[in-house]
Amino acid sequence: MTQEEPIVAETKEITQEEKDQQTVEAIEKALQLVVKTVQTFDQRYIFKTLRDLVSVRPQLNASVLSKLINTYLGDAYKSYLIEYIGGMAEDVELKNEVLPEVTFAIHWLVQLYLLDQNELKKLDELNTKHIITLTKSQNRRSLDLINVKIWFYIARTKELLGDLISIRPELFLSLRTASLKHDNETCGVLITLILRNYLLLHDYTQASNFIEKVEFPKNISTSLEARYFFYLAKINSIQLNYSDAHEFVITAIRKAPQTQNAIGFLQVSYKLSVLIELLTGEIPELSFFKKPGFEKCLVPYREITKAVKLGDLKLFNETLAKYREHFVKDDNLTLVTRLRSNVIKTGIRIISLSYTKISLKDICIKLHLDNESSAEYIVSKAIRDGVIDAKINNQKGYVESNEVLNVYSTNEPQVQLDQRIKFVNQLHNDSVRAMRYPPSVNRVHDSLGGEADMEDEAELINALQDEFDGDFF
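Conventions we followed
Residues numbered from 1 in each chain as written. Predicted model: local features only at pLDDT ≥ 70, side-chain atom pairs only at ≥ 80, totals over all residues. Heavy atoms only, no water. Helix = DSSP H or I, 4+ residues; strand = E, 2+ residues; numbered from the N terminus. Buried < 20%, exposed > 50% of the residue type's maximum accessible area, 1.4 Å probe, protein only. Core = buried A, V, L, I, M, F, W, Y, C linked by side-chain atoms within 4.5 Å. Expected span 1.5 Å × (residues − 1). Axes fitted to C-alpha atoms, helices over the stretch in contact; angles between N-to-C directions. Parallel < 35°, antiparallel > 145°, perpendicular 65-115°, else oblique. Left-handed = near helix turned anticlockwise from the far one by under 90°. Contact = heavy atoms within 4.5 Å. Nonpolar A, V, L, I, M, F, W, Y, C, P; charged D, E, K, R; others polar. Salt bridge = Lys/Arg side-chain N within 4 Å of Asp/Glu carboxyl O. 1 Å grid on protein atoms, 1.4 Å probe; cavity = no way out; pocket = protein on both sides within 12 Å on 5 of 7 lines; lining within 4 Å. Points joined across faces, edges and corners; volume = space filled by probe spheres on them. Phe/Tyr/Trp six-rings, centres within 6.5 Å; stacked < 30°, edge-to-face > 60°. pLDDT = per-residue confidence, 0-100.

**Focus: unusual backbone geometry**
- Positive phi is not limited to glycine here, since H182 has a value of about 60°.
- Residue placement: H182 occurs in the loop between helix 9 (168–180) and helix 10 (184–200).
- Since its relative accessible area comes to 63%, H182 is described here as exposed.
- At D331, a position not held by glycine, the phi torsion is positive, near 60°.

Right, here's the structure in full:
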């Protein structure tokens, strides 16, 4: 009995030209949804269009973009876009009545291509000479979500070039224009871009003044809200408002998309959350540092937490020296340095609970302080701040702890319960507010136009559930 030879399926190798044609067809299919947005005033179609265009970003090249530009754009746009991407201009019959949304989307794709090719100078020139002017030429609500993406990459280009100051006037001017037009999405992204601009230059005072003079719009994407609350947390933590900063960073983590694209944002948020908790006197649980995908990046912060928990100043200094580069890279060195006083306070609290009476000399040895005068100053400050309940005998040089009261005889349990109830109520209110409903114009259209396209509706629902978060970095 002979063994049958396995049948090997012949696979036809796809040429680069065929791949490019498939990419062009995918982009054209995505752009067809723009017409539905204009007809129904339903922003969900634009949302899905942008999401589909991001999926073809790795396949973008000069050939694909040249075909799109030649097919959809007139000579006014073709003349400079073809030059920037290094493509070939062709005399092709244009599509009838090309919508401004399609024109803006193709400019956005050119931005993505030049950024991926690391052609930052070309991209900056394109943004400055043409795209910024283009964003000012139209006032259509269906362009709001595309404008958000365009402005993000304009600011991102300046950031990568290290030119943060020159873009500020355009950001402020566009924010004023968007506010007058009630363009909430563009207002939201411009506010976050301005805040990021300030924070990268460590100009926290100007950032705080800016927040006081603007009102962040409501009913916008949760991705923008997450960025905004993170920047608020950063500013408040630098300005010693740790309680407000803690609320803001928790809100940012909760609103951030829990997807792979937002992993960098979540890492930065978790790091800031650890430091704010430590500065408020709380110790994060050990399980916090064992979150899947975050164990490695949180190692320096776990070691710092260990030093603060033990009140070991020597261990704290060693950890700070070991991971100093990590803290500088994360822009958290200032907050980590502030934890030194918390380490000392924790050490004093542990000593106060362990010893009824202890000399200042022994405190110096245990906390690795320079002299008894420093120990006396630190202990007196801890008593004044309410860290410990004790008194100092200056004549005999010792610290005597008072009897510890039962915490349940104080108002502390009631305060903690009140804080948790407020948090749960706020969480419920935010969840209800974040629920998405179709615009009222769609309900009128459905009642007059008959049955809705169930398959199309299902695709939109899936697109909304898989939040578009391609701009997190």
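Once you've had a look at it, read on.
**Quick word on the nonpolar core**
- Judged by nonpolar contacts, the single largest core of 125 residues is most densely connected at I27, L109 and L195.
- No other element matches helix 6 (residues 100–116), which puts eleven residues into this core.

**Quick notes on helix 3 (residues 43–55)**
- The end-to-end C-alpha distance of helix 3, which contains 13 residues, comes to 19 Å, matching closely the 18 Å that a straight helix rising 1.5 Å per residue would cover.
- Of the residues making up helix 3, those classed as buried are R44, Y45, I46, F47, K48, T49, L50 and L53.

**Observations concerning the packing of helix 13 (residues 242–255) against helix 14 (residues 263–279)**
- Look at helix 13 against helix 14: their axes get within 9 Å of each other, and the N-to-C directions meet at 155°. Taken together, helix 13 and helix 14 sit at an angle that is classed as roughly antiparallel. For the element pair helix 13 and helix 14, the recorded crossing hand is left-handed. Here helix 13 contributes Y242, A245, H246, V249, I250, A252 and I253 to the contact with helix 14, which in turn contributes F265, L266, S269, Y270, L272, S273, I276, E277 and L279.
- Looking at side-chain class alone, the contact of helix 13 with helix 14 contains twelve nonpolar, three polar and one charged residues.

**Details of the pattern of salt bridges**
- Evaluation of the coordinates by the stated rule reveals twelve salt bridges.
- R302 is paired through a salt bridge with E303; the nearest N and O atoms lie 3.7 Å apart.
- You can call R302 partly exposed: its relative accessible area is 33%.
- Classification of E303 as partly exposed rests on a relative accessible area of 23%.
- Counted as one network, the salt bridges with shared partners bring together D124, K158 and D163.

**Re empty space enclosed by the protein**
- Throughout the structure, instances matching the rule amount to two cavities of 30 Å³ or more.
- Considered as a void within the structure, the largest cavity measures approximately 140 Å³ in volume.
- What lines the largest cavity is a set of 15 residues, and nearest its centre among them are A155, R156, E159, L193 and R196.
- Elements represented by at least two residues in the lining of the largest cavity include exactly helix 8 (144–161), helix 10 and helix 12 (222–238).
- Top contributing element to the lining of the largest cavity by residue count: helix 10, with five residues.
- Classifying every residue of the lining of the largest cavity gives nine nonpolar, two polar and four charged.

**So, the packing of aromatic side chains**
- Tallied over the entire structure, the rule returns twelve aromatic pairs.
- With centroids separated by 4.8 Å and ring planes inclined at 85°, the aromatic side chains of Y270 and F294 adopt a geometry described as edge-to-face. A residue pair is termed long-range when its members are at least 10 positions apart, and Y270 in helix 14 and F294 in the loop between helix 14 and helix 15 (299–310) qualify at 24 residues.
- Judged by relative accessible area, Y270 falls into the buried class, the value being 8%.
- By the ring-pair criterion, three or more aromatic residues cluster together here, those being F216, Y228, F229 and F248.

**Comments concerning the confidence of the model for the protein**
- Summarising the model, the protein shows a mean pLDDT of 79, and 81% of its residues fall at 70 or more.
- Contacts of residues 7–11 to residues separated by more than four positions or lying in other chains number zero contacts, the stretch itself having pLDDT below 50.
- Low pLDDT, under 50, characterises residues 443–452; the stretch is placed with two contacts to residues that sit more than four places away or in other chains.

**Overview of the side chain of S208**
- Note on placement: S208 falls in helix 11 (residues 204–213).
- Note on S208: relative accessible area 14%, which makes it buried.

**Here we look at the environment of I27**
- Assignment of secondary structure puts I27 in helix 1 (residues 16–31).
- Between the C-alpha atom of I27 and that of L68, which follows or precedes it by 41 residues, the distance is 8.7 Å.
- Setting aside anything within four residues of it in sequence, one finds I27 in contact with L53, V56, L60, V64, L68 and L109.

**Description of the environment of E97**
- Inspection of the secondary structure assignment puts E97 in the loop between helix 5 (75–85) and helix 6.
- E97 sits in the exposed class, given a relative accessible area of 77%.
- In this structure, the C-alpha to C-alpha distance between E97 and Y72, residues 25 residues apart in sequence, is 9.2 Å.

**Here we look at the packing of helix 4 (residues 62–72) against helix 5**
- At a closest axis distance of 10 Å, the pairing of helix 4 and helix 5 adopts a crossing angle of 175°. With respect to helix 5, the axis of helix 4 lies roughly antiparallel. Here helix 4 contributes A62, L65, S66, I69 and N70 to the contact with helix 5, which in turn contributes K78, L81, I82 and I85.

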